[in-house]
Amino acid sequence: MESVAIIGAGQTRYGDFPGKGVKELFAEAYLEMLQSVDRGLDQQRIGAAYIGSLSAGSGFQLGQLAPLLMGHVGLPHVNAVRIENACASGGYALYNAACAVASSKVDLVLAAGVEKMRDVSSSKGRYWLGVSGDTEFERLAGSTFAGIYALMAARYMHDYGLKREHLSMVAVKNHRHAVANPKAQFRKEITVEQAVKGVPVAYPFNVWDCSPTTDGAAAVLLCNAQIAREFTDKPVYLKGFGAASDFLAIHDRDSMTRLSATRKAAAEAYQQAGVGPNDIDFAEVHDCFTIAEILAYADLGFAEEGRAQYLLEEGITQRDGKLPVNNSGGLKAKGHPIGATGCGMAVEIFKQLRGEAKEPGRQIKNARYALSHNVGGSGGTAAVFIYQRGDA
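The structure displayed is predicted, hence computed values, not measured ones. (Residues numbered from 1 in each chain as written. Predicted model: local features only at pLDDT ≥ 70, side-chain atom pairs only at ≥ 80, totals over all residues. Heavy atoms only, no water.)

1. Considering the overall build of the protein
Next, step 1: Secondary structure summary: the protein contains 13 helices and 11 strands in total.
Next, step 2: Radius of gyration (C-alpha) of the protein: 19 Å, near the 21 Å computed for a compact globule of 392 residues.
Next, step 3: Of all 392 residues assigned to the protein, the portion counted as buried reaches 61%.
Next, step 4: Contacts spanning at least 24 positions in sequence make up 77% of the contacts within the protein whose residues lie at least 6 apart.
Next, step 5: Taken as a whole, the protein presents about 14,900 Å² of accessible surface, with 50% of it coming from carbon and sulfur.
Next, step 6: Charge centroids of the protein, computed over 40 positive and 41 negative side chains, lie 4 Å from each other. (Helix = DSSP H or I, 4+ residues; strand = E, 2+ residues; numbered from the N terminus. Rg over C-alpha atoms; globule rule 2.2 N^0.38 Å. Buried < 20%, exposed > 50% of the residue type's maximum accessible area, 1.4 Å probe, protein only. Contact = heavy atoms within 4.5 Å. Areas by Shrake-Rupley, 256 points an atom, 1.4 Å probe, with all protein chains shown as cover. Lys, Arg positive; Asp, Glu negative; His and termini not counted. Charge placed at Lys NZ, Arg CZ, Asp CG, Glu CD.)

Written as structure tokens, this is what we have:
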């Protein structure tokens, strides 16, 4: 396979934007991506585009969304495909783009994602999101994604002594990180006391344990690493990438406290990159619910099985810790525009590894390797990526 580099990346702010549709959001992220390519770019050299999205606003599916969006930015003839894999849609757009470059089929490929989630009622939103689970045996039986992840959290508490406060520590950390991120949806700190006493959602979760509904878009430009220096002196190399699937319904799985898809995708990514968990300097992981980040610590090899919560107690995953996790604020506070999330993680890592997170205190210093982790639904799919700083 050919080596893969990222030469440009951009994203919108995440939040509630009633005056913008999917085309406007996509164009904003795409323009920021173009502007980040140091030596400029002839857009006609882009050979393909993979665009992640669960829907296209109002909770409805829209056929041929990808060519619609590429035509809106002046590239109607680029081979464009919409990728749908629930909350991992953006990650799978990135994965497919990386595979296209690595195969030598095309030299420059756009990976992007967009979601318009804030224009539906909460009840319709729950229905819309629920179809990404096992519709017959989960959603139609009355469960929601919060309910499914709450079952995982309750089982982890039973098996490993997880405390309610551990869940809140994830929310507190990620809200603190989001304060310095100008792209984040919620830039306000909370305390553990606040987080513990939130409005109940599904035991043991309350509102502070759940990521928000979000409008947003992200775009990442990948190229064959051999030509990356044509565009920038500071490429970020995509050293490893893996993807895997699992049973969609949690009652079919061997365990409720680990995501096998994440473990398989991570093993593939680590092997390709030639590094291991101890080499990672910081990570962006999928914290759609607070338990999801805790599960990710072990699934990605950062902690032993059943001991992931102690990374929080010891401050290891804080911004100033040994392994900062979700320095952006994560899905919990940065926001979770479903189709854009996986690509948005790559945008954050691109900026960090190039030393371009200029906001006070936000830049992670001397990082060489980073990891991003994007999960579909309750773990039916997962994609994991390993990045390396260009001058490392």
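2. Considering the layout of surface pockets
Next, step 1: Taken as a whole, the second largest pocket holds about 230 Å³ of empty space.
Next, step 2: Along the lines of polarity and charge, the residues of the lining of the second largest pocket split into six nonpolar, one polar and two charged. (1 Å grid on protein atoms, 1.4 Å probe; cavity = no way out; pocket = protein on both sides within 12 Å on 5 of 7 lines; lining within 4 Å. Points joined across faces, edges and corners; volume = space filled by probe spheres on them. Nonpolar A, V, L, I, M, F, W, Y, C, P; charged D, E, K, R; others polar.)

3. Details of helix H7 (residues 164-178)
Next, step 1: Taking 1.5 Å as the rise per residue, H7 with 15 residues should run 21 Å; its terminal C-alpha atoms sit 22 Å apart, in good agreement.
Next, step 2: Within H7, 12 of the 15 residues are buried, leaving the element largely enclosed by the surrounding structure.
Next, step 3: On the buried face of H7, the contacting elements are helix H6 (145-160), helix H8 (192-196), strand S6 (205-206), helix H10 (290-299), helix H11 (309-313) and helix H12 (330-333). (Expected span 1.5 Å × (residues − 1).)

4. Overview of a nonpolar patch on the surface
Next, step 1: Side chains of Val-199, Val-201 and Val-207 sit close together on the surface and give an oily, nonpolar patch of about 250 Å² of accessible area.
Next, step 2: In this fold, Val-207 is placed in the loop between S6 and strand S7 (216-224). (Patch = residues over 30% accessible without salt bridge, like charges linked within 9 Å, V, L, I, M, F, W, Y side chains within 5 Å. Salt bridge = Lys/Arg side-chain N within 4 Å of Asp/Glu carboxyl O.)

5. Examining the side chain of Gln-11
Next, step 1: Positionally, Gln-11 belongs in strand S1 (residues 4-11).
Next, step 2: With relative accessibility at 4%, the residue Gln-11 sits in the buried group.
Next, step 3: Beyond its immediate chain neighbours, meaning those up to four positions away, Gln-11 contacts Ala-29, Glu-32, Lys-183, Ala-217, Ala-218, Lys-334, Gly-344, Val-347 and Glu-348.

6. Comments concerning the packing of aromatic side chains
Next, step 1: This model, assessed by the stated rule, comprises seven aromatic pairs.
Next, step 2: A centroid spacing of 6.2 Å and a plane angle of 20° characterise the contact between Phe-26 and Tyr-30, whose relative ring orientation is stacked. Of this pair, Phe-26 and Tyr-30 both sit in helix H1 (residues 22-36), separated by four residues, roughly a single helical turn. Like Tyr-30, Phe-26 is buried.
Next, step 3: Ring centres of Phe-205 and Phe-289 lie 5.5 Å apart, and the angle between their planes is 0°; on these two criteria the pair is classed as stacked. Of this pair, Phe-205 sits in strand S6 while Phe-289 sits in the loop between strand S9 (282-284) and H10; the two residues are 84 residues apart in sequence, bridging distant segments of the chain. (Phe/Tyr/Trp six-rings, centres within 6.5 Å; stacked < 30°, edge-to-face > 60°.)

7. Considering the sheet that holds strand S3 (residues 79-83)
Next, step 1: Taken in spatial order, the nine strands line up as S3-S2-S4-S7-S1-S8-S11-S10-S9 in an open sheet, and their pairing is mixed. Each edge of the open sheet is held by one strand with a lone partner, namely S3 and S9. Averaged over all adjacent pairs, the angle separating strand axes in this sheet is 25°, with direction ignored.
Next, step 2: When strand S2 (residues 48-52) meets strand S4 (residues 108-115), the two strands line up parallel, connected through five bridges. Across the sheet, Ile-51 pairs through a bridge with Ala-112, a residue of S4.
Next, step 3: Sitting on the sheet, helix H2 (residues 65-72) is in contact with S2, S3 and S4, with an inclination near 130° to S3. (Pairing = 2+ DSSP bridges. Axes fitted to C-alpha atoms, helices over the stretch in contact; angles between N-to-C directions.)

8. Here's the deal with unusual backbone geometry
Next, step 1: A cis amide bond links Tyr-203 to the next residue, Pro-204, at an omega of 5°.
Next, step 2: Mapped onto the fold, Pro-204 is located in the loop between strand S5 (200-202) and S6.
Next, step 3: Even without a glycine there, the phi angle at Asn-326 is positive, about 60°.
Next, step 4: Following the sequence through the fold, Asn-326 ends up in the loop between H11 and H12.
Next, step 5: For Asn-366, which is not glycine, the phi torsion reads 60° and is therefore positive.
Next, step 6: Along the chain, Asn-366 turns up in the loop between helix H13 (341-353) and strand S10 (369-376).
Next, step 7: Taking relative accessible area as the criterion, Asn-366 reaches 74% and is therefore assigned exposed.

Geometry only, nothing functional implied.
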